Amino acid sequence: MDPHAETLQRLRNTFNSGRTRPEAFRAAQLEALGRFLRDNRDRLLGALADDLRKAPFEAEVSELSICRSEINLALNNLHSWMQDQPVDTNLATRLDAAFIRKEPFGLVLIISPWNYPLNLAVVPLVGAIAAGNCVVLKPSELSRGVERIMAEVLPRYLDPSCFAVVLGGPQETASLLENKFDYIFFTGSTRVGKLVMAAAARHLTPVTLELGGKNPCYVDDAVDVQTVANRLAWARFFNAGQTCVAPDYVLCSAGTRDRLLPALQAAVRRFYGEDPRRSPDLGRIVSPKHFHRLRALLGSGRLVIGGQTDEEELYVAPTVLVDVKEDEPVMREEIFGPILPILTVGGLDEAIAFINRQDKPLALYAFSTRSQVVRHVLDRTSSGGFCGNDGILHITLTSLPFGGVGPSGMGNYHGRFSFDTFSHHRGCLLRRPGLEKLNSLRYPPYAQRGLGLLLRTVEIQRRECCALL
Ligand code: NAD
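Residues numbered from 1 in each chain as written. Predicted model: local features only at pLDDT ≥ 70, side-chain atom pairs only at ≥ 80, totals over all residues. Heavy atoms only, no water.

Enquirer: Teacher, can you tell me more about the overall build of the protein here?
Expert: Each helix and strand in the protein was counted, giving 17 helices and 18 strands. For the protein, the spread of C-alpha atoms along the principal axes amounts to about 85 × 65 × 40 Å. In the protein, which comprises 469 residues, the proportion classed as buried is 51%. In the protein, the share of contacts with a sequence separation of at least 24, taken over all contacts with a separation of at least 6, comes to 72%. As displayed, the protein has an accessible area near 22000 Å², and 54% of this comes from carbon and sulfur atoms. With 54 positive and 51 negative side-chain charges, the protein shows a spacing of 6 Å between the two charge centroids. (Helix = DSSP H or I, 4+ residues; strand = E, 2+ residues; numbered from the N terminus. Buried < 20%, exposed > 50% of the residue type's maximum accessible area, 1.4 Å probe, protein only. Contact = heavy atoms within 4.5 Å. Areas by Shrake-Rupley, 256 points an atom, 1.4 Å probe, with all protein chains shown as cover. Lys, Arg positive; Asp, Glu negative; His and termini not counted. Charge placed at Lys NZ, Arg CZ, Asp CG, Glu CD.)

Given below as structure tokens:
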């Protein structure tokens, strides 16, 4: 007996009734989502503190504010996003209407992780609602506080005939995935991403996979080391390092490493004080399992900053490792914690060769005061996203698509890209019923003269090149 069958059928019936299609309905649901965030702000901040000891400042900027922005952007643009998009026609269809219609897929499943449990559930939800879908949301079971609010409070705001929250861990999610959905949007690890894609393949369901990986960060010799250290330490230790786009390791010359280390030490001290454990601004590791995984990684290379841990509090100090080899444990998996290994390379080409030996990452960073160095890294590598001279910030622009490539994921979202991700792009041609004479060229019995004329109306010709160029 499938425990989800009744819920899924209810949502499907609603979708088929057309209820979610009108702009006014979508806008009302987005407004309701905004009210959910406003009315429950303190409760959400409390849950994020309980789950990850997330500082209210970090929770505001990386969870609530991003959700609000996405909702406001969608509400501001919903009308234009929903319009049919006219496209070019050829001579044969010049008098007809050709356009792309963005239509909802139907019943969408969104599966979220625990590290930004509000953001990574609500932001895709905004896209799915804006595009006119019915949604099943499966929050992470590891961020229990936020999961509870999603299960108990969110459904009071959204139309229950169109939205449902389903709870559970790996087993329950696997059973949920046996059902047919019209689209699956998954954020999580590469390992589970493969399971989700395999489950989706059984129904030929399209997927977006927002996955993880190891994000390289190249630091050139031409840098202001304190600026680099501040930005690197912020990006690595934000949310206790549990950020999918955090710089995972640094590649630089031995000389730059030696200049960077005291600057990193100074940044950590300035951000979190002499004893980071007492700082209210440093988060905690989500679970004992992840704590033990991280503690084991501290054995790689040579420890130069931090390294302290406290199992009771699930605390790992902001840590920097040097003399790390490519095949050591800390370099064999995504770190996803407040540990930053620094590897030395002979120069820019060696760094690029190193990066290109690894899986394509979700994010890639390059620091240099010489813009050609940053551009060179950009030109010679591939990654989901790229940011020169800072960490993480590229994902805060709703004008940029956010997503991975290869093992770091497929598809993208944020802003208008979310609307497009959750919409089927239906190619439409509305022909005129009359003017049949003009169509007779294509009908049998075929005539050679007719073929020439026909091809002239439909075939694309190479544009004339300008002689001056
Ligand atoms: P995870 O893959 O363990 O879990 C993600 C979701 O999948 C959870 O809701 C979980 O309940 C479910 N799940 C877990 N095991 C499952 C299974 N066997 N079958 C079906 N569902 C299962 O990931 P996580 O630990 O929650 O999150 C950390 C990972 O997510 C990291 O790799 C990180 O890089 C990645 N991540 C990526 C992004 C992004 O936007 N690309 C954002 C945040 C996190």
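Enquirer: Help me understand the site of the ligand, please; the structure alone is not making it clear to me.
Expert: Around the ligand, a shell composed of 27 residues is seen, among which Ser112, Glu141, Ser189, Leu211 and Glu334 lie nearest. Between the ligand and glycine 188, the relevant distance is 3.2 Å, taken from an oxygen atom to a main-chain nitrogen or oxygen of the residue. In the environment of the ligand, a nitrogen atom lies 3.5 Å from a nitrogen or oxygen atom belonging to the backbone of glutamate 210. Here the ligand has 840 Å² of accessible area as a free molecule, and 92% of this is covered by the chains. Both domain 1 (5-211 + 413-424) and domain 2 (216-403) contribute no fewer than three residues apiece to the shell around the ligand. (Near = heavy atom within 4 Å. Polar contact = N/O pair within 3.5 Å; in protein donor to acceptor, adjacent residues only side chain to side chain. Domains from an automatic or database assignment.)

Enquirer: Looking at this structure, how should I read the sheet that holds strand β10 (residues 302-305)?
Expert: Paired through backbone hydrogen bonds, the strands of a sheet run either parallel or antiparallel to each other. Spatially, β10-β13-β14-β9-β8-β15-β16 is the arrangement adopted by the seven strands of the open sheet, whose pairing is mixed. Each having just a single partner strand, β10 and β16 (385-388) make up the two edges of the open sheet. Strand-to-strand twist across the sheet, computed as the mean angle between neighbouring axes with direction ignored, equals 25 degrees. Here three bridges tie strand β13 (residues 319-322) to strand β14 (residues 339-344), and the two strands are oriented parallel to one another. Its bridge partner being in β14, threonine 319 is matched across the sheet by isoleucine 339. In this fold helix α10 (residues 225-237) packs onto β8 (216-219), β9 (249-252), β13, β14 and β15 (363-367), with an angle of close to 130 degrees to the strand it touches most, β14. (Pairing = 2+ DSSP bridges. Axes fitted to C-alpha atoms, helices over the stretch in contact; angles between N-to-C directions.)

Enquirer: Looking at this model, I keep getting lost on the side chain of aspartate 310. Mind explaining?
Expert: Relative to the assigned elements, aspartate 310 resides in strand β11 (residues 309-310). A distance of 3.0 Å separates polar atoms of two side chains, one belonging to aspartate 310 and the other to arginine 277. There is a polar contact of 3.0 Å between the side chain of aspartate 310 and the backbone nitrogen of glutamate 312. Ignoring sequence-local partners within four residues, the contact set of aspartate 310 consists of Arg277, Phe291 and Tyr315.

Enquirer: Just checking my understanding: could you explain helix α6 (residues 144-152) for this structure?
Expert: Owing to its 3.6 residues per turn, the α-helix aligns residues three or four sequence positions apart on the same side. Listing the buried residues of α6 in full gives Gly145, Val146, Glu147, Ile149 and Met150. Residues of α6 that are buried in the fold lie against α2 (23-39), α3 (41-52), α5 (119-130), β4 (134-138), α7 (154-157) and β5 (163-165).

Enquirer: In this structure, what is going on with the nonpolar core? I would like to understand it.
Expert: Across soluble globular proteins, nonpolar side chains have a tendency to be buried as a group. Judged by nonpolar contacts, the single largest core of 110 residues is most densely connected at Leu33, Val219, Leu232 and Leu264. At nine residues, α5 tops the list of elements feeding residues into this core. Dropping the residues within four chain positions of it, valine 219 is found in contact with Val228, Leu232, Val250, Leu251, Cys252, Thr256, Leu260 and Phe367. In terms of nonpolar packing, the next biggest core, distinct from the first, is built from 30 residues, Leu294, Met331, Ala351 and Phe354 among them. (Core = buried A, V, L, I, M, F, W, Y, C linked by side-chain atoms within 4.5 Å.)

Enquirer: Quick question: what am I supposed to make of the pattern of salt bridges here?
Expert: Where charged atoms of side chains with opposite charge meet at close range, the side chains can pair. All chains considered together, the criterion is met by 26 salt bridges. Between lysine 54 and glutamate 63 there is a salt bridge, with its nearest N and O atoms 2.6 Å apart. Relative accessible area serves as the criterion here: at 0%, glutamate 63 is assigned to the buried category. A salt bridge links arginine 416 to aspartate 420; the shortest N-O distance between them is 3.7 Å. Taken together, the residues span about one helical turn, with arginine 416 and aspartate 420 both in helix α16 (residues 415-421) at a distance of four residues. Taking relative accessible area as the criterion, aspartate 420 reaches 22% and is therefore assigned partly exposed. One continuous salt-bridge network, built from bridges that share partners, spans Arg41, Asp42, Glu60 and Arg68. (Salt bridge = Lys/Arg side-chain N within 4 Å of Asp/Glu carboxyl O.)

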